[in-house]
Amino acid sequence: MLIPLAALVLRPWELGAAGVWQSLTDPRVLAALRLSFGAAALAAAINLPFGLLIAWVMTRYRFPGRRLADALIDMPLALPTAVAGISLTALFAPKGWIGALLVPLGVKVAYTPLGVLVALVFVGLPFVVRTLEPVMLDLPAEAEEAAATLGATRLQTLCRVVLPALAPSLLTGFAAALARGVGEYGSVIFIAGNMPMVSEIAPLLIVIRLEQFDYAGAAALGLAMLLLSFLLLLALNRGQHRLARHLA
Amino acid sequence: MTSVPMPSALTPPRLQRAVLILLAVTLMGVLLLLPLVVVFSEALSQGFETVVEALETEDARAAIELTLLVAAITVPLNTVCGMAAAWCLARFQFPGRTLLATLVELPFSVSPVISGLVWVLLFGANGWFGPWLDAHGVRIIFALPGLVLATTFVTFPFVARALIPLMRAQGPAEEEAALTLGANAAQVFWHVTLPNIRWALMYGVLLCNARAMGEFGAVAVVSGHIRGQTLTMPLYVEALFNDYDWVGAFTVAALLSLLALVTLGLRVLLERHMDHGRGAA
């Protein structure tokens, strides 16, 4: 495991520092990195309200089909990414079940950056839900009861008592979904259309460079992606700790 | 608690409850269920016979066999290595322990494409060992060994991850008791360690197998996409899709979806078992 990683860390420098810089600041690379990180962050942000709603309903209410719904939440993790990729494409293509509904609205999802976003929302959702659920179950009922007895409305209790207590785990779920989204490949490449500069994600660019036998260039991009996500996760982790301490 | 009447704000109105449940179920239906339904509906769109035909082609056969072969090598390998890693991490303190723990988790936090890339950097035509391998007529990349390496790398964390929290919670007491009573290491393993971890182990193996058969990104990089030779089922789905063989692609995809459904079902059963064991302990 260490030797392969060493290769990833050492190979880029065959180009020399200037060569690495040049290969990473290529406009096509920058566009791909921007798309991968931007779409992953946006998808993770969209998954926050989605995940909050689903986790809330799953932990607070009993309803028929709840067990089935619970198993369904892990579907994006269990479904092979290539399968998810082609089925999302079929759904959102102009003739697909959802795509056909969006055509009159003038919204194109498949083969656009919007498609990337849809795929990343799909794969990221379980991370947010599964992070929130245990924390929601552990929320002390007393705090909510106290707020209610003191005359808070349900909405006030939610915004002033529940959400702040969930903030650290919301951030954790966001980070997990983001990390997964940045590197995601299989579920994205089918629906994205993969137009250079527009809807081409960074992992795909790594594959393209490898196919051109540009090993050093591929390794440089891979290493850059790793370092960027590492720094991002480190920052989010810090933020999460600070939030948690603030609450305690 | 019961003597005090519950404040009305704590028992949300029925309407609000119903609306929230409806919203969540709709969201899950559109986002999670619909993609699954589409796979089967597209596969069966031309009738059942085309499904059988699509699965009986030589390339489909080869893809299914290759997928099973890769999983048959990878899963046992990762079961043994995962158990060893979990045992080391749960039982011992040693220098580099944190490093090992990070390495175990690493494949989960790395893009699958990077998990494939590292092997090409080592063994590909321009890789560190590429020329040497070429001179000796050994093929790793664009061949079975590459697929196995990439899949092993990606699926390594599952078993260890399932075992570590359990082994740590159980502690070494029972193993030590068996040792003091004169059991040898093999006896301790078969009669004490293994029965204690069996459900969690099955859980890890299940997830490991599902990912091994469904992995796409990592194997896409090392496969070389040679039809009938280096295409696993997920890669074959891609090849068919790119050839506009819509029904064929969704047929193979449906087969993979069935695997995912079985995995999810078994997982629910195992989780119930594990909760049960924890409750009894």
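Description of the structure in this document. (Residues numbered from 1 in each chain as written. Chains lettered and ligands numbered in written order. Predicted model: local features only at pLDDT ≥ 70, side-chain atom pairs only at ≥ 80, totals over all residues. Heavy atoms only, no water.)

Thoughts on the environment of Leu10(A)
All names here are of chain A.
- For Leu 10, the location among the structural elements is in helix α1 (residues 2-10).
- What makes Leu 10 partly exposed here is its relative accessible area of 48%.
- Each C-alpha atom of the pair Leu 10 and Ala 219 lies 8.5 Å from the other, and the pair is 209 residues apart in sequence. (Helix = DSSP H or I, 4+ residues; strand = E, 2+ residues; numbered from the N terminus. Buried < 20%, exposed > 50% of the residue type's maximum accessible area, 1.4 Å probe, protein only.)

What about the pattern of salt bridges?
Residue and element names in this part refer to chain B.
- Summed over the entire model, instances satisfying the criterion amount to 14 salt bridges over all chains.
- A salt bridge links Asp 59 to Arg 227, with the shortest nitrogen-to-oxygen separation between them at 3.9 Å. Here Asp 59 is found in helix α3 (residues 58-91), whereas its partner Arg 227 is found in the loop between α11 (217-223) and α12 (233-242), with 168 residues between them in sequence.
- The salt bridge partner of Arg 227 is Asp 243, with a shortest N-O separation of 2.5 Å. Note that Arg 227 is positioned in the loop between α11 and α12 and Asp 243 in the loop between α12 and α13 (246-280), a separation of 16 residues in sequence. (Salt bridge = Lys/Arg side-chain N within 4 Å of Asp/Glu carboxyl O.)

Concerning the interface of chain A and chain B
- Each partner contributes to the interface: chain A provides 65 residues, whereas chain B provides 67 residues.
- Carbon and sulfur atoms supply 83% of the area buried between chain A and chain B, which totals about 6000 Å² over both sides.
- For the pair chain A and chain B, the number of links is one salt bridge.
- For Asp74(A), the salt bridge goes to Arg267(B), with nearest N and O atoms at 3.5 Å. (Contact = heavy atoms within 4.5 Å. Buried area = accessible area lost by both parts, 1.4 Å probe.)

Structural notes on the state of the cysteines
All names here are of chain B.
- Within this structure, the stated rule accounts for zero disulfides over all chains.
- With no disulfide partner, Cys 208 has as its closest neighbouring cysteine sulfur the one in Cys 81, 10 Å distant.
- On the accessibility criterion, Cys 208 (0% relative accessible area) is buried. (Disulfide = S-S within 2.5 Å.)

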